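Geometric and topological summary
The primary structure of each chain is shown beneath.
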Amino acid sequence: MDIAAKFKETAKSVFPVILIVLALGLTIVPLEKTLLARFALGGLFLIFGLTVFLMGVGMGIEPMGERCGSALVAKKNLPLLLLCAFAIGFIVTAAEPDIQVFGDQVKSIFPFVNKLAFTFAIAGGVGCFLLLGLLRTILNFPIKIFFFIFYSLLFALAFFAPQNFLPIAFDSGGATTGPMTVPFIMSLGLGVSAVRAAKNSDSSFGLTGTASIGPVMAVLAYSIFLRVPQSFVQEIAQVELEDAASAGFFAKTFLPFANLFPIFLRESLFAIAPLFALFVIFQLTLLKMTVRQSARIIVGFVYAYFGLVIFLTGVNGGFADAGNQLGKILGELASQRGLAGTSGTPWLVLLLAVGLIFGAVIVCAEPAVWVLSEQVERVSGGTIKRKALLFFLSAGTALAIAVALLANVFNFNLKWILAAGYSLSMLLMIFCPPLWTGIAFDSGGVASGPLTSTFILSFTIGAAAANPADSFGVIALVAMMPLSAIQIMGIIYKAKQNKKEAK
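These figures come from a predicted structure and were not determined experimentally. (Residues numbered from 1 in each chain as written. Predicted model: local features only at pLDDT ≥ 70, side-chain atom pairs only at ≥ 80, totals over all residues. Heavy atoms only, no water.)

Remarks on the overall build of the protein
- When helices and strands are counted, the protein shows 19 helices and zero strands.
- For the protein, with 503 residues in total, the buried portion stands at 59%.
- For the protein, the share of sequence-separated contacts (at least 6 apart) that also reach a separation of at least 24 residues comes to 86%.
- When the accessible area of the protein is evaluated, it comes to approximately 19600 Å², of which 69% is carbon and sulfur surface. (Helix = DSSP H or I, 4+ residues; strand = E, 2+ residues; numbered from the N terminus. Buried < 20%, exposed > 50% of the residue type's maximum accessible area, 1.4 Å probe, protein only. Contact = heavy atoms within 4.5 Å. Areas by Shrake-Rupley, 256 points an atom, 1.4 Å probe, with all protein chains shown as cover.)

Written out as structure tokens, the structure is:
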């Protein structure tokens, strides 16, 4: 892997965000100079950390996942494969740092939630649907029918769940797809499909999208089990909102870099340790690779670990705080419509424009998006261009951020937006090739990564400072929009292919 080329590409993805924030912060939306300096420094950490992390993923995590998937299928022991799938999904998800932070934030607004039970419900959901996803691949069960059945069950379950938990449940689907989990799950799916469906690349993708259904259903079921009266939920939300606003969705982003670095040294270790333990177990029992092959994967794990530490330190140390303040100022100005003879309409337009740009650019710097786009280009033999995939993914994410900001400013009910968006994605499946449906649902999972969960979420929380609980659901929208955007790309791609064949 060419580290200089990779560094250049990551820099191109991040520098536009840095320039926009600095330009706004020094002119029409003034921010503190120390905050802007910390933001710029965090951007440099982010670029360097992402470069090193992607090198580690390519050297260690992806080869390990593909080898494990192939080895498990080669054993021709279906119960063993399914048991390992559940164990991998449960262990890796329970150790994901994003899940721990997400659980803390949910508990800060709903104190009656048991964080341990909440975490285990999410991890169990991922484990069950990772199992179902691999079983679908083994049986070559049509991916469109699979998604239609389980999303129908999901929305049926949502009908009985407390309305306050709907955004949280859909957010949990995005929060599970962290930078360590996604590359391994995608590679595991590619390894299984390579053995079971070597002549049919339609089964190569969709496992990450499948795994994202599990936590949503698990949290919905957990909320029904709680049987919390609606009036009590509303009362708790109103009482706790001020504290949540003061703490922010990611309270650690306000700490100096020096204090954040040891925190993420520990959290990244917790995230990567289960994967490394699985590598040791599989190496001793199934893989039995040579010393040279094993050494390369171990070096890859080391790169991925330190790259993730630097990446998360930069994101949380510099990006999130600036995003929160920028969103807060723009949100306050946009909400001044008709007050004291002022008009907030120009500021609302600026808020939406900034949100659109951030959404379009930030997603291109997500670690898992890089992994997915490169795998799609590799599996398709270069027929599906990485840049085209990123364009449609950026468009979908940008629209998601704009809708989220409008929902926060005008207090829209996200339930109907989510219902309409997923209904559209189900309709598009009729016309979209199966391969593209799998890519689309994988894209929804990878788009909502650590950058979205820090900078973008902090920006929208700032814009909705009066009611930060409404910011739950932003990750859900980011995870939903690519489902339609990528399937539209697949339909266009299919039309072009048919036109070429006709000629």
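Points about the pattern of salt bridges
- The tally for this structure, following the rule as stated, stands at one salt bridge.
- Ionic pairing is found between Glu66 and Arg378, a salt bridge with its closest N-O pair at 3.0 Å. Note that Glu66 is positioned in helix 2 (residues 33–74) and Arg378 in helix 14 (residues 367–379), a separation of 312 residues in sequence.
- Classification of Glu66 by relative accessible area gives partly exposed; the value is 24%. (Salt bridge = Lys/Arg side-chain N within 4 Å of Asp/Glu carboxyl O.)

A few points about a nonpolar patch on the surface
- A cluster of nonpolar side chains, Leu139, Phe141, Ile145, Phe148, Ile149 and Leu153, forms an exposed patch at the surface whose accessible area comes to about 560 Å².
- Per-element accounting of the nonpolar patch gives the leading share, four residues, to helix 6 (residues 143–160).
- Mapped onto the secondary structure, Ile145 falls in helix 6.
- Assessed through its relative accessible area of 43%, Ile145 is described here as partly exposed. (Patch = residues over 30% accessible without salt bridge, like charges linked within 9 Å, V, L, I, M, F, W, Y side chains within 5 Å.)

A short note on the side chain of Arg386
- Topologically, Arg386 is positioned in helix 15 (residues 386–410).
- Here the side chain of Arg386 touches Ser373 through a polar contact of 3.1 Å, side chain to side chain.
- For Arg386, the residues in contact, after removing those within four places along its chain, are Glu9, Trp370, Ser373, Glu374 and Glu377. (Polar contact = N/O pair within 3.5 Å; in protein donor to acceptor, adjacent residues only side chain to side chain.)

Remarks on unusual backbone geometry
- Phi is positive for Asn140, close to 55°, though the residue is something other than glycine.
- Residue placement: Asn140 occurs in the loop between helix 5 (115–139) and helix 6.
- Look at Lys288: it is not a glycine, yet its phi comes out positive at around 50°.
- Of note, Lys288 is situated in the loop between helix 11 (257–287) and helix 12 (291–334).

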